[in-house]
Amino acid sequence: INNMFDFNVYNEPRILFDNAAGAPGTEHILNPKDHSKWVTSFLDENDARYGIGIYGENRTSFTLGDGFKSHGSPADRTVHMAVDFWLRNPEKIYAPLDGVVQAIASNDDPFDYGTVLILSHQIGEGPEFYTLYGHLAKESVKDLNVGDTIKAGDHIATLGELHENGGWTPHL
């Protein structure tokens, strides 16, 4: 597996983010500029290069309206269905594995994914699986097309700024 950033996530100092309701920083979730300042301060205070948001976390702080409604259910979706890498600034993203572009879309609703890229992968005879890269800069994927072959280590995108990534602090 290749590095996904210009740094090695295994060697750089990191901090776990807690995004449950009432956790430090969640009071800024609805104000992207304040949240970005908080993320930068939190990383600095902990001498961390990046932060990790965990898969399956019950993010009750993310009751942000229509963007988090479950399709087919009146309840807000609060369970986070990905691993996040929280960063201070937009960063270049590299393919960790060989793959094929399956989808590129821009979701411009507030607190949505912004521009998103989906790659399919298959290792040996194993099952096909997919990786999703959200909150991207639209311009960074303009030369990609569905069906393109991607090699591990290829620059595939760059994280988007607040105005184009769904209104989030830079994170993947």
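Bear in mind that the values here come from a model prediction, so they are computed numbers and not experimental data.

What counts, and at which threshold
- Residues numbered from 1 in each chain as written.
- Predicted model: local features only at pLDDT ≥ 70, side-chain atom pairs only at ≥ 80, totals over all residues.
- Heavy atoms only, no water.
- Helix = DSSP H or I, 4+ residues; strand = E, 2+ residues; numbered from the N terminus.
- Buried < 20%, exposed > 50% of the residue type's maximum accessible area, 1.4 Å probe, protein only.
- Contact = heavy atoms within 4.5 Å.
- Areas by Shrake-Rupley, 256 points an atom, 1.4 Å probe, with all protein chains shown as cover.
- Expected span 1.5 Å × (residues − 1).
- Arc of directions from axis to C-beta.
- Pairing = 2+ DSSP bridges.
- Axes fitted to C-alpha atoms, helices over the stretch in contact; angles between N-to-C directions.
- Patch = residues over 30% accessible without salt bridge, like charges linked within 9 Å, V, L, I, M, F, W, Y side chains within 5 Å.
- Salt bridge = Lys/Arg side-chain N within 4 Å of Asp/Glu carboxyl O.

Draft legend 1. Seen up close, the overall build of the chain. A count of helices and strands for the chain gives one helix and nine strands. If you list the helices and strands of the chain from N to C, you get β-α-β-β-β-β-β-β-β-β. Looking at the chain as a whole, 41% of its 172 residues qualify as buried. Put simply, 65% of the contacts in the chain that link residues at least 6 apart link residues at least 24 apart. As displayed, the chain offers around 9,200 Å² of accessible surface, 51% of which is attributable to carbon and sulfur atoms.

Draft legend 2. Representation of helix 1 (residues 32-45) within the structure. Helix length check: helix 1, at 14 residues, gives a terminal C-alpha distance of 20 Å against a target of 20 Å (1.5 Å per residue), a fit within 8%. Among the residues of helix 1, those classed as buried are His-35, Ser-36, Trp-38, Val-39, Phe-42 and Leu-43. One side of helix 1 carries all its buried residues, which in axial view fall inside an arc of 160 degrees. Seen from the open side of helix 1, the exposed residues pointing more than 90 degrees away from its buried face are Lys-33, Lys-37 and Glu-45. Tucked inside the fold, the buried residues of helix 1 contact strand 1 (14-16), strand 2 (50-53) and strand 3 (84-86). One or two steps after helix 1, the chain reaches Asp-47, where phi turns positive at roughly 50 degrees.

Draft legend 3. Fine view of unusual backbone geometry. In this structure, Asp-47 is a non-glycine residue whose phi angle is positive, near 50 degrees. You can see Asp-47 is positioned in the loop between helix 1 and strand 2. A positive phi angle, close to 70 degrees, is found at His-135, a residue other than glycine. Topologically, His-135 is positioned in strand 7 (residues 129-136).

Draft legend 4. The sheet that holds strand 1, seen in detail. Strand order in the open sheet formed by three strands is 1-2-3, with mixed pairing between adjacent strands. This sheet does not close on itself; its edge strands, each paired only once, are strand 1 and strand 3. Averaged over all pairs of adjacent strands, the angle between strand axes in this sheet comes to 30 degrees, irrespective of strand direction. As defined by bridge partners, strand 2 adjoins strand 3 across three bridges and the pair is classed as antiparallel. From the neighbouring strand, Gly-51 faces strand 3, where its bridge partner is Trp-86.

Draft legend 5. Up close: the side chain of His-35. Mapped onto the fold, His-35 is located in helix 1. Apart from the residues within four sequence positions on either side, His-35 is in contact with Gly-25, His-28, Ile-29, Trp-86 and Thr-169.

Draft legend 6. Structural detail: a nonpolar patch on the surface. Together, Tyr-55, Val-79, Met-81 and Val-83 make up a nonpolar patch on the protein surface, roughly 420 Å² of accessible area in all. Considering the arrangement of structural elements, one finds Met-81 in the loop between strand 2 and strand 3. Note on Met-81: relative accessible area 55%, which makes it exposed.

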